[in-house]
Amino acid sequence: MASPKRSLLSGLWEKLGLDGPTLLMMGKGALPAAIFTAAYQATPVAKTYSTLGYVVTIIAALSLCILPRAKLVQLTIQNSVAVALAAATCLLGVWTATRARAHDPSPPGQAYNASASAVSAAWLFVTIWLANLLRARIPSLSIPVIMYTVFISIIFTNGGLYTMSGAISTVVLMIKCFFTGYGLSFAVGMVIFPVNCREIWWKIFAGYLMTSKGLLVEQKNFLRQHETMGTEEGKKSAIALAALEKAHADLFTKLSTELPMAKREVALGRFLTGDLQEAYRLIRATLLPLQGMTVILDIFNRAARMGPDEDEKCPVPREEQLSEVMKTLHEPYERIVGMCGEAIEHVLLTMKLKPSPKKVGGDEEAPSIEPGEEGFCQTLEEKVQAFYSTRAGDVRTYFSSSKAAGTSDTAGGISSGVYMDEKHRSELYLVLFMEYLLYNAAKSLLALARFAEEKKQQGVVDRTRLVYPTAKRLKKWLGSMASSRNDDVVDISDVGAVKVSGLDGISPNRDPEHLAAGNSLQKLGNLIAIFTESISSSESSFGLRVACATLAAALPAYFESSYVFFIEKRLVWASIVIAIGMSPTSGASLIGFVGKIAATAIATTLALINWYIVDGRTAGVISFMWFFIAIQFYFVIKYPNMIQSTLTALVTHIIIIGYELQVRKIGDKASTRSGQPILSINEIGPHRLLVTIGGLCVAMIFTILPYPTTTRSLIRSSVSSSLFLLARAYSTTFSLLQLRIHGTAGDVSNKNSPGRRYEKTHVKLLTESFLANDFLRTQIEFTMYEPSLRGRFPREQYDGIIEGVRNITNYLSIISYASKPFSMGGEWAEDLSTLLRNVDTQMHQITSLLCLLSASLASGNPLPPFISLPEPFRLARAMEERDGGVKLDHLVEPGFVAFAAVQVAIGVMRDDLVRVIGMVEELVGRVEFPDERSFSGDLKVKLP
């Protein structure tokens, strides 16, 4: 009976992901709060921080010492600047309030002053508005804005009561509290189990390679089970393949987003910054062929829904033909998966990203060189070349045996060319398409293995050195800290507040109501217009909502009859909850509000358990506080999308326990000096919960009023922007294709060559597209939480557009990757390039069409009454017209295989474009003119 229990417990432990590093980070995250709470029990510390001791504990926990070092340094700098600005703003605001008091003095002995309160309320409103405008525009500044908001909320809600000397002493004490919390968190982060961004990046790198290995194996299994696609087993295989594909793409996105911070890190490590960049470039080269091979799942779906007349428009084999194609791919997949798996193993072992396996003794001589051993790349390269040299003959033999339409003979009677018939041409193209990706997957992983072996030979892998960023990179880092393009240190915003690079949509480059400025006065007017446009922006609208909600909750603090009630009931918590908890969209806000209320209730329960489990004894309370905070940090680490709710729970737990220990230490008299009555452990928890609920209800009201900003409207604008991003990617890809066709791409090793610049832009657009797609998929889930009195949200149409954009982007990447041989020279490649120069790529028509779809969806205006979709880009037809058919003898030409891959990608991409147009038309409709037949009689002209 013991064994099943142990198995159940270990399974649960593994499911929760409670491995060693996670447990260490959980304990580390709770340390700053526990350390200061223990230190506060010393009388000198308690005298220094007085009644704000628990504020230090809150700030120390919110500073997130679990972050990697470079991110912790950046966050600490940002937080410090935010608090410095908050202190200066508060002193200026209180000074203006005291000036107002001086002009309209209160009766002797009365602390309240109406004029000073009004001025303080105005300062609170304006500062909250501007801070949240900045937060909406630059989401990476969310935590610094939270720190700023807490600081000014505490000061300005009491601004009508302060004298200048009292305000200065309070602000100085607040600065001490905040910077003590920052310093404590920074020290723990740097000293206790420190983690650096480079280490994390290399772990993601290793995870990407292992996922690539699993993806290849799952693709192989999928091909084996192609005959069971309609069964439950086939559906499970398809689901598993789709899940691995998403995990693979997510890991690459993490590699891309974590790379800038990894370059900025100061650490002891083996690899230099240049090595990181080169490793990323090589790993990026593996993404397209590995992700491209998963299109086999997409091709199955297309074949199932393909109509009887779609052979030319979508060059994908029919469902009954796919069985033959899959059988053709079984053997090459088996071989290539083995080679790729060995290459990945060699990289992991050589770069010491995986422990070396123990060698089994007794073998006199190893039969071959194993992964991880020197010289393995040579063996692997021979295998790859053998695969490439034999596959062309195998494919030619297979197709010429039963699918040739005819042959042409030379004078000597020897066949010089075997022609494919039109019926089976799509099968050949698909086989060549998949094998091209297979071969390039092996080549790209081989290049990565060569890089690893080269670093091993240079001694880089076996030597540790101090790695640090250059002065130029440090300067760039400092400049990026307040940039809207800055990489998020931590995603603290609700999903609705996140801005994704590339989703800016079509921006006006001219003012249709004004010509260019012609004099100095008009230029000054342009500057004023920029300011007024910022005030009328959506970010400013969100800031105004937050400011209105915060002021509504804080209003009792500014009236003589209610300011005492505001202080006694600690309603400043409500204004702080509002300021940090509102989101630009109602869907994200609603789910966030529910999460915060649940988190506050759970934290209250845990705090009571924390207190009573040790009967309120100080040492035990502090120990268990560390334990319970560590549990809450589990959700920060494992569920970052719940981070706002988790931090709300952290603050609640710390306030309850920290306040009770503070009262016990400094006594009742000192605790009531601020005007707040003492609350017992049984009272403060429910009180905190009620105040939180009240604050969130006020926030929800101002999220909906005067009009709701829904997640649905954000989805529409974001999908529109993704179509514009797709138009940019399409234009860039086909411009690069034309450069290669015409032989004007230049030397790719030259950074200033046209081909290199276009390729760099394409890679940037690809990364932005991955991020945008993830953002949209996450964002669209929030639409189900938004109540609506009108019709149902057209989820299916938007899902179809998002899926179509993703597919087209993937095929554009394949086209960019596969067209490289067009510019590599060779007699056949030159002939092909000459032929393709006369083929219209229709780049401008399709780019214009995508821009039209984007603009129509953004504005909600219907599409034009007639949309002419360009004809298919018929590469194969052009070749047939020249050669009389598709020759199998061309299989030995690298350019022909690339040509087949491009042909399949272009045909399938057009199919997706048709579907996207249909989805957009379902959403916005078309312009409809009156039926001309109803007034055709009026148009008749009598001829003499």
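Residues numbered from 1 in each chain as written. Predicted model: local features only at pLDDT ≥ 70, side-chain atom pairs only at ≥ 80, totals over all residues. Heavy atoms only, no water.

**Details of the overall build of the protein chain**
From N to C terminus, the protein chain includes 31 helices and five strands. Burial statistics for the protein chain: of 944 residues in total, 52% are counted as buried. Counting contacts in the protein chain only where the partners sit at least 6 residues apart, residues at least 24 apart contribute 83% of the total. (Helix = DSSP H or I, 4+ residues; strand = E, 2+ residues; numbered from the N terminus. Buried < 20%, exposed > 50% of the residue type's maximum accessible area, 1.4 Å probe, protein only. Contact = heavy atoms within 4.5 Å.)

**What to know about a nonpolar patch on the surface**
On the surface, W626, F627, I631, F635, Y639 and M642 cluster together into a nonpolar patch covering about 500 Å² of accessible area. When you line up the elements, I631 lands in helix α22 (residues 618–638). Assessed through its relative accessible area of 33%, I631 is described here as partly exposed. (Patch = residues over 30% accessible without salt bridge, like charges linked within 9 Å, V, L, I, M, F, W, Y side chains within 5 Å. Areas by Shrake-Rupley, 256 points an atom, 1.4 Å probe, with all protein chains shown as cover. Salt bridge = Lys/Arg side-chain N within 4 Å of Asp/Glu carboxyl O.)

**Quick word on the side chain of T253**
As for its position among the elements, T253 is in helix α10 (residues 232–264). Not counting chain neighbours up to four residues away, the residues in contact with T253 comprise F770, L771 and D774.

**A closer look at the confidence of the model for the protein chain**
It should be kept in mind that the predicted coordinates are not to be read in detail where pLDDT is low. On average, residues of the protein chain carry a pLDDT of 78, and 78% of them reach 70 or more. The low-confidence segment residues 403–419, where pLDDT is below 50, has 38 contacts with residues more than four positions distant or belonging to other chains. Low confidence marks residues 939–944, where pLDDT is under 50. Its contacts with residues over four positions away, or in another chain, come to zero contacts. (pLDDT = per-residue confidence, 0-100.)

**Quick notes on the packing of aromatic side chains**
Inspection of every chain in the model, using the stated rule, returns 20 aromatic pairs. When the ring of F252 is compared with that of Y280, the centres are 5.9 Å apart and the planes differ by 10°; the resulting orientation is stacked. Separated by 28 residues along the polypeptide, F252 in helix α10 and Y280 in helix α11 (residues 273–292) bring together distant segments of the chain. When its relative accessible area of 7% is taken as the criterion, Y280 is described as buried. Here F624 and F627 contribute two aromatic rings whose centre-to-centre distance is 6.4 Å and whose plane-to-plane angle is 80°, an arrangement assigned as edge-to-face. In this pair, F624 and F627 both sit in helix α22, three residues apart, roughly one turn of the helix. Look at F624 and you get partly exposed, because its relative accessible area is 29%. (Phe/Tyr/Trp six-rings, centres within 6.5 Å; stacked < 30°, edge-to-face > 60°.)

**Quick notes on the pattern of salt bridges**
For the structure shown, the criterion picks out 20 salt bridges. The closest approach of N and O atoms between E345 and K354, which form a salt bridge, is 2.5 Å. The partly exposed category is assigned to K354, whose relative accessible area is 29%. E803 is paired through a salt bridge with R806; the nearest N and O atoms lie 2.8 Å apart. With a gap of three residues between them, E803 and R806 both fall in helix α27 (residues 795–818), about one helical turn apart. For E803, a relative accessible area of 24% gives the class partly exposed.

**With respect to unusual backbone geometry**
A positive phi angle, near 55°, is found at L64, a position not held by glycine. Mapped onto the elements, L64 comes out in the loop between α4 (53–62) and α5 (69–103). Backbone geometry places D615, a non-glycine residue, at a positive phi of 60°. With respect to the secondary-structure elements, D615 resides in the loop between α21 (586–612) and α22.

**Let's talk about the packing of α5 against helix α8 (residues 164–191)**
Running from N to C, α5 and α8 point in directions that differ by 175°, and their axes come no closer than 10 Å. Classified by the angle between their axes, α5 and α8 sit roughly antiparallel to one another. Of the residues that constitute the contact of α5 with α8, the class distribution is 18 nonpolar, six polar and one charged. (Axes fitted to C-alpha atoms, helices over the stretch in contact; angles between N-to-C directions. Parallel < 35°, antiparallel > 145°, perpendicular 65-115°, else oblique. Nonpolar A, V, L, I, M, F, W, Y, C, P; charged D, E, K, R; others polar.)

**A few points about the nonpolar core**
Judged by nonpolar contacts, the single largest core of 120 residues is most densely connected at W201, F205, Y208, L209 and F433. Here this core gets 19 residues from one element, more than from any other, and that element is helix α15 (residues 422–457). A domain split of this core shows at least three residues from each of domain 2 (197–261 + 270–307 + 314–354 + 376–399 + 423–462) and domain 3 (711–924). If we ignore the near neighbours within four places in the chain, the residues touching L209 are I283, I344, V347, L348, L445 and L448. (Core = buried A, V, L, I, M, F, W, Y, C linked by side-chain atoms within 4.5 Å. Domains from an automatic or database assignment.)

**Some thoughts on the environment of H687**
Its place among the elements puts H687 in helix α24 (residues 681–704). Since its relative accessible area comes to 17%, H687 is described here as buried. For the pair formed by H687 and K569, sequence separation is 118 residues and the distance between their alpha carbons is 8.2 Å.

**Points about a positive patch on the surface**
A grouping of K472, K476, R728, K751, K760 and K764 is seen on the molecular surface, where their side chains present a positively charged patch. Going through the elements one at a time, α16 (471–480) and α26 (754–780) are the ones with two or more residues in the positive patch. Overall, R728 belongs to the partly exposed group, its relative accessible area being 33%. (Lys, Arg positive; Asp, Glu negative; His and termini not counted. Charge placed at Lys NZ, Arg CZ, Asp CG, Glu CD.)

**Details of the environment of D19**
Inspection of the secondary structure assignment puts D19 in the loop between α1 (2–16) and α2 (20–39). Within the structure, the side chain of D19 is placed 2.4 Å from the side chain of T22, a separation counted as a polar contact. (Polar contact = N/O pair within 3.5 Å; in protein donor to acceptor, adjacent residues only side chain to side chain.)

**What to know about the packing of helix α7 (residues 142–156) against α8**
Pairs of packed helices are described in terms of their axes, by the angle between the two and the distance that separates them. Interhelical geometry of α7 versus α8 gives an angle of 155° and a closest axis separation of 11 Å. Judged by the angle between their axes, α7 and α8 are roughly antiparallel. Here the hand of the crossing between α7 and α8 comes out right-handed. For the pair α7 and α8, contact is made by M147, V150, F151, I154 and I155 and by T170, V171, M174, I175, F178 and Y182, respectively. Residue classes in the contact of α7 with α8 are distributed as 10 nonpolar, one polar and no charged. (Left-handed = near helix turned anticlockwise from the far one by under 90°.)

**Topic: the environment of S623**
Inspection of the secondary structure puts S623 in helix α22. Considering only alpha carbons, one finds S623 and N610, 13 residues apart in sequence, at a separation of 9.0 Å.

**Thoughts on the side chain of N79**
Residue position: N79 is located in helix α5. The class for N79 is buried, based on a relative accessible area of 1%.

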